[in-house]
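# Chain and residue survey
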Amino acid sequence: MPISGTPSRAELVEHLVRTRIAGDVATPRENNLSHYRKLANSDRHYWLGLELGDRWNDEQDVLAVMAERVGVNDDPEYRYGQDTIDPELTVDGLERMAGRLRKAADGQQRVLFATGHPGGLLDVHRATASALRAAGCEIVVIPDGLTTEEGYVMQFADVAVLEHGATLWHTHSGEPMKAILKGLERQGRPLPDLVVADHGWAGYAGQHGVDSVGYADCNDPALFIAEAEGTVQVTVPLDDHVVSPRHYDPMTAYLLAAAGLD
């Protein structure tokens with residue numbers, strides 16, 4: 001049954017496990033390890049808009065970060081089967097993100113929202129944007145006419161997304177965020193004080209020097225590495241596309257309450 005209102009921490013942890021946002025998640029171990037290896041082998045698709053250089057060329061180092069910050073199995077010999085996200089680490093991440101949202105609200109800052117996972121996280125970002133606007137923040141409106149090789153950079157319900165063939169597009173690329181920030185600079189408009197995003201949208205913003213917080217799955221190690229290095233301020237571990245986007249509602253309620261934005 002859905003949770004009504006704002007859950008307690010214990011209730012949220014139970015909900016995350018029940019809906020497989022955390023706990024035993026759908027992403028298999030072999031997929032996780034494959035992505036860690038590709039990041040270590042400098043496949044830029046897995047760098048999510050970041051510049052990692054040669055600092056992470058050992059996949060065991062990547063696995064160690066993911067075990068610490070996400071809660072995946074830390075045994076390098078465990079190569080097939082179920083993998084995990086520690087729900088306590090998910091809630092810890094939400095609470096850190098809430099602190100940065102509170103700072104944005106207190107300073108009535110300019111905030112940009114974006115998602116490369118519109119099928120799962122669009123409404124999480126929309127609700128957060130609405131709460132920050134009510135608190136006096138400026139929600140950044142992106143320039144018109146932006147494109148990348150993948151499609152058009154658009155904005156729906158205050159959230160920047162990639163549109164391709166009349167469909168909102170799943171993308172890991174940092175190019176859409178690059179297009180937005182460069183577009184703002186061309187227009188002489190200030191950059192955001194904060195970006196709230198995921199995938200390459202969050203990674204590129206942090207790499208560009210903008211305060212960036214976001215969400216990432218256990219097979220997307222780059223943003224957790226970026227948090228470890230200080231390029232991204234907060235990365236919340238979760239399964240970023242569960243069977244119903246409504247499953248994220250209690251998580252969003254908890255986040256906004258923790259930020260004093262409910």
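The structure under discussion appears in the preceding block.
This write-up is about the structure you can find in this document. In this text the structure is predicted, and so the values were computed from the model without any measurement.

What counts and what doesn't
Residues numbered from 1 in each chain as written. Predicted model: local features only at pLDDT ≥ 70, side-chain atom pairs only at ≥ 80, totals over all residues. Heavy atoms only, no water. 1 Å grid on protein atoms, 1.4 Å probe; cavity = no way out; pocket = protein on both sides within 12 Å on 5 of 7 lines; lining within 4 Å. Points joined across faces, edges and corners; volume = space filled by probe spheres on them. Nonpolar A, V, L, I, M, F, W, Y, C, P; charged D, E, K, R; others polar. Buried < 20%, exposed > 50% of the residue type's maximum accessible area, 1.4 Å probe, protein only. Helix = DSSP H or I, 4+ residues; strand = E, 2+ residues; numbered from the N terminus. Pairing = 2+ DSSP bridges. Contact = heavy atoms within 4.5 Å. Axes fitted to C-alpha atoms, helices over the stretch in contact; angles between N-to-C directions. Parallel < 35°, antiparallel > 145°, perpendicular 65-115°, else oblique. Left-handed = near helix turned anticlockwise from the far one by under 90°.

Turning to the layout of surface pockets, a few remarks are in order. Approximately 150 Å³ is the volume found for the largest pocket. In this structure, the largest pocket is lined by Arg 44, His 45, Leu 48, Gly 49, Leu 50, Glu 51, His 172, Ser 173, Gly 174, Glu 175, Tyr 204 and Gln 207. Tallied by class, residues from the lining of the largest pocket come to three nonpolar, six polar and three charged.

The buried fraction of strand β7 (residues 159-164) is high, at five of six residues. With two bridges connecting them, strand β3 (residues 110-114) and β7 associate as parallel partners. Within the sheet, the bridge partner assigned to Phe 113 lies in β7 and is Val 159. Strand direction decides the pairing type here: strand β6 (residues 152-156) and β7, joined by five bridges, are antiparallel. Each bridged residue has a counterpart across the sheet, and for Gln 155 the counterpart in β7 is Ala 160. Between the antiparallel neighbours β6 and β7 lie two residues, among them Ala 157 with a positive phi of about 50 degrees. As paired elements, β7 and strand β8 (residues 167-169) share three bridges and run antiparallel to each other. Bridged to Leu 162 within β8 is Trp 169.

Attention now moves to helix α7 (residues 199-207). What sets the pattern is the α-helix's 3.6 residues per turn: residues three or four places apart point alike. Of all nine residues making up α7, eight are buried, and the element is well covered by its neighbours. For α7, the set of buried residues is His 199, Gly 200, Trp 201, Ala 202, Gly 203, Tyr 204, Ala 205 and Gly 206. At the C-terminal side of α7, Gly 209 shows a positive phi close to 95 degrees.

With that out of the way, let us pick up the environment of Val 234. Assignment of secondary structure puts Val 234 in strand β11 (residues 234-237). Look at Val 234 and you get buried, because its relative accessible area is 4%. Separated by 136 residues in the primary sequence, Val 234 and Ala 98 have C-alpha atoms spaced 9.8 Å apart. Not counting residues up to four positions away in its chain, the partners in contact with Val 234 are Gly 93, Arg 96, Met 97, Ser 212, Val 213, Gly 214 and Glu 227.

With that settled, consider the packing of helix α2 (residues 29-40) against helix α3 (residues 59-69). The axes of two packed helices give the description: the angle between them and the distance between them. Their axes nearest at 8 Å, the elements α2 and α3 cross at an angle of 125 degrees. In terms of orientation, α2 and α3 fall into the oblique class. In this structure, the crossing between α2 and α3 has a hand that is right-handed. Facing α2, whose interface residues are Arg 29, Leu 33, Tyr 36, Arg 37, Leu 39 and Ala 40, α3 presents Glu 59, Val 62, Leu 63 and Met 66. Considered class by class, the residues forming the contact of α2 with α3 number seven nonpolar, no polar and three charged.

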